[in-house]
Amino acid sequence: MKASVTAHRDYRIATIDDRLYGAFLEHLGRAVYTGVYEPDHPTADANGMRRDVIDLVKELNVPIVRYPGGNFVSAYNWEDGVGPRDKRPTRLDLAWHTSESNAVGVHEFAGWCEAAGAQMMLAINLGSRGLDEARNFVEYVNGPAGSYWGDLRKANGRAEPFGVRHWCLGNEMDGPWQVGHKTPHEYGRLANEVAKTLRAFDKSLELIVCGSSNSDMATYPEWERVVLENCYDAVDHISLHMYFNNKAKNTAEYLALGEKLDAYIGTIASTIDFVRAVKRSRRKVTISFDEWNVWYHSMTQDREMLAGEKGWPHAPALLEDIYNFEDVLQVGCILNTFIRRSDVVRIACIAQLVNVIAPIMTEPGGAAWRQTIFYPYYFASRFGRGDSLKLSVTSPGYDSQVADNVPYLDVSAVHDEAGGTLTFFAVNRHGRETLDLDVSLQGFGPARVGDHQVMTSARLEDVNTLANPKAVTPKPGSGAKVADDVLSARLAPYSYQMIRLKLGGA
Ligand code: AHR
């Protein structure tokens, strides 16, 4: 099978926003407790945070982390998580049917983000609560000392404001499962009032309003139209979520879901443009795709717990999907889609980061290890910074329920002019045939292959585990070369590839 691509240095889509490689950490299962926070762990720092996990987060170069939920936030009282630990209440978490000790709150999360080199993106409870708590929370986090909330923060050990810029106005408010679920009219009005109030506090905040929980929601995409018509000029981003699954055990259909993701982004980009035109607004709202990942492997085992049949345990194992090699291909395609749509997707967060549908797993008291999907996320986050390029792609394809003519070659390219590199991320969606790839390189000058990493595996079901954490890892590729301004490479069946060209004579 052959595929050909043309890459021209002037055919830019956008400069990729670093926040495209963000992540999400919720008070859910073992994400926080025994995930990032485990005071008795041998690697714990003075704040009780696992250094082995921080090291892996740093390896992923995560720029921003959304916290504390998720569904959790819609019945969360942020005040429970501040002040002396021994006075913090244990609450029942209604979203996940567990107990929340509140040993970790906004101060501890801020310290962890600082250690991990990431910005904070905080979500506000607009489910069980409303405007007053929102403004108090923002004032507590960002207000100066000398005010009631600023002084309380100071008394709790932090004199300087945290200076958090990104605020999510609730979570999945379109979802009937959400505590405080609303109609788009109710939510749009509330979001506008909250945004207006927070802007009175600080005009420079970046505010993220809830879009659809997924594109199968009955209210999609009317939800986005109505919500944005209520608050367009007060917000900066609209949040979208999507989880991918292969419950049907149909790899071709599974790997075609990137097309569904692309259509979802395209539809909401058009809805934004529509509302912008209705409003005669100069403002350009963009997309924060702040929950995305594969999620289905753990659903059967979680059923009883989520139905409340196991009481209210603290930090039980929940949503602990063990990812396989097939998921590497999916995550590669998802990230390629975000790179190709970086004109409108400015923020994206893998959901989640540790233990809960996560690239990083931990053993209480033991090791932290990398899931299979750690690697495509690692490559994109490390090397996918710069300008995304509009490629011309000719590839054979296949018809699926999601879309016709899904190309076997899924590819994106990022040009880092300052760093002198051009990086291709490619997935061969064909399970039996090798793809012979030719990329015509136009306007880049001399180029050579600087790095080529490949992920393949004997079986799509292959996984990494605590006992065997290196079963599925990238290996150096061979045979990719540049001659006469053409990059040629052979992409093995069902493979993920990162090919990084060094530009210039050096
Ligand atoms: O990430 C798990 C859950 O998925 C989040 O809490 C919620 O926002 C979404 O439905």
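Considerations on the sheet that holds strand 15 (residues 387–389)
Moving on, step 1. The seven strands lie next to each other as 2-15-19-20-26-22-23, forming an open sheet whose pairing is antiparallel. Unpaired on one side and paired on the other, strand 2 (12–15) and strand 23 (475–476) mark the two borders of the sheet.
Moving on, step 2. The pairing of strand 19 (residues 409–416) with strand 20 (residues 421–428) spans eight bridges and is antiparallel. The partner of His415 across the bridge, within strand 20, is Leu422.
Moving on, step 3. Helix-sheet contacts for helix 11 (residues 374–383) involve strand 19, strand 20, strand 22 (447–455) and strand 26 (495–503), and the interaxial angle to strand 26 is about 20 degrees.

A few points about the pairing of strand 9 (residues 206–210)
Moving on, step 1. Counting buried positions along strand 9 gives five out of five residues, so the element sits mostly inside the fold.
Moving on, step 2. Residue alternation in strand 9 divides its side chains into two sets, Glu206, Ile208 and Cys210 and Leu207 and Val209, and both sets are buried.
Moving on, step 3. Relative to strand 9, strand 8 (residues 166–169) is paired through four bridges, and the arrangement is parallel. Bridged to Cys168 within strand 9 is Ile208.

Observations concerning the site of the ligand
Moving on, step 1. Neighbouring the ligand are 13 residues, the closest being Glu26, Asn71, Glu172, Tyr243 and Glu291.
Moving on, step 2. With respect to the ligand, the side chain of Gln352 contributes an N or O atom lying 3.0 Å from an oxygen atom.
Moving on, step 3. Bound to the protein, the ligand loses 96% of the 280 Å² it would expose on its own.
Moving on, step 4. Among the cavities detected, the one that contains the ligand is the largest pocket.
Moving on, step 5. For the shell around the ligand, the per-class residue count stands at six nonpolar, four polar and three charged.

Observations regarding the sheet that holds strand 12 (residues 345–351)
Moving on, step 1. Ordered in space as 3-4-7-8-9-10-11-12, the eight strands form a closed barrel in which the pairing is parallel. Between one strand axis and the next, the sheet turns through 30 degrees on average, direction left out of account.
Moving on, step 2. As defined by bridge partners, strand 4 (residues 64–67) adjoins strand 7 (residues 119–124) across four bridges and the pair is classed as parallel. Of the residues in strand 7, the one forming a bridge with Val65 is Met120.

What to know about the environment of Gly419
Moving on, step 1. Among the structural elements, Gly419 can be located in the loop between strand 19 and strand 20.
Moving on, step 2. Residue classification places Gly419 among the partly exposed positions, given a relative accessible area of 38%.
Moving on, step 3. Spatially, the C-alpha atom of Gly419 lies 9.9 Å from that of Arg385, the residues being 34 residues apart in sequence.

Brief notes about empty space enclosed by the protein
Moving on, step 1. The tally for this structure, following the rule as stated, stands at three cavities of 30 Å³ or more.
Moving on, step 2. Approximately 80 Å³ is the volume found for the largest cavity.
Moving on, step 3. Every residue along the wall of the largest cavity is listed here: His27, Leu28, Gly29, Tyr33, Phe72, Asp93, Trp96, Thr98, Ser99, Glu100, His314 and Ala315.
Moving on, step 4. For the lining of the largest cavity, the element with the most residues is strand 6 (residues 98–100), which contributes three residues.
Moving on, step 5. Within the lining of the largest cavity, the residues separate by chemical class into five nonpolar, five polar and two charged.
Moving on, step 6. Looking at the second largest cavity, the residues that line it are Val73, Tyr76, Trp78, Ala123, Ile124, Asn125, Arg129, Glu133, Ala134 and Phe137.
Moving on, step 7. Put simply, the parts of the chain that give the lining of the second largest cavity at least two residues each are strand 7 and helix 3 (131–142).
Moving on, step 8. Take the lining of the second largest cavity: its biggest share by element is three residues, from helix 3.
Moving on, step 9. For the lining of the second largest cavity, a count of residues per class yields seven nonpolar, one polar and two charged.

Definitions and cut-offs
- Counting restarts for each chain, with residues numbered from 1 along the sequence as it is written.
- Thresholds applied to this predicted model are a pLDDT of at least 70 for local features of residues and 80 or more for the giving and counting of side-chain atom pairs; totals over whole chains, interfaces and linings are not thresholded and use all residues.
- For the side-chain quantities, the full set of heavy atoms in the structure was used; hydrogens and water were omitted.
- Strand pairing is defined by DSSP finding a minimum of two bridges between the two strands.
- Think of it this way: any DSSP run of H or I at least four residues long counts as a helix, any run of E at least two long counts as a strand, and we number them from the N terminus.
- Contacts are residue-level and defined by heavy atoms, with any inter-residue pair within 4.5 Å sufficient.
- Lines fitted to C-alpha atoms define the axes, with helix axes restricted to the stretch in contact, and inter-axis angles between N-to-C directions lie between 0 and 180 degrees.
- Think of it in three bands: residues with accessible area under 20% of the maximum for their type are buried, residues over 50% are exposed, and the middle band is partly exposed, with areas taken using a 1.4 Å probe on protein chains only.
- We call a residue near a molecule or strand whenever a single non-hydrogen atom of that residue lies within 4 Å of it.
- Pairs of N or O atoms within 3.5 Å make up the polar contacts considered here, provided that, within protein, one atom can donate a hydrogen while the other can accept it, and that residues adjacent in sequence are counted only when both atoms are side-chain atoms.
- Note on areas: Shrake-Rupley, 1.4 Å probe, and residue coverage restricted to the protein chains presented here.
- Each cavity reported here is a set of points on a 1 Å grid over the protein atoms alone in which a 1.4 Å probe fits but cannot get out, each pocket an open set with protein on both sides within 12 Å along at least five of seven lines, and each lining residue one with an atom within 4 Å of a point.
- Throughout, a molecule is located in a cavity or pocket provided that more than half of its atoms lie within 2 Å of its grid points.
- Polar here means any residue outside two lists: the nonpolar Ala, Val, Leu, Ile, Met, Phe, Trp, Tyr, Cys and Pro, and the charged Asp, Glu, Lys and Arg; Gly therefore counts as polar.
- Grid points are joined across faces, edges and corners, and a volume is the space filled by probe spheres set on the points.

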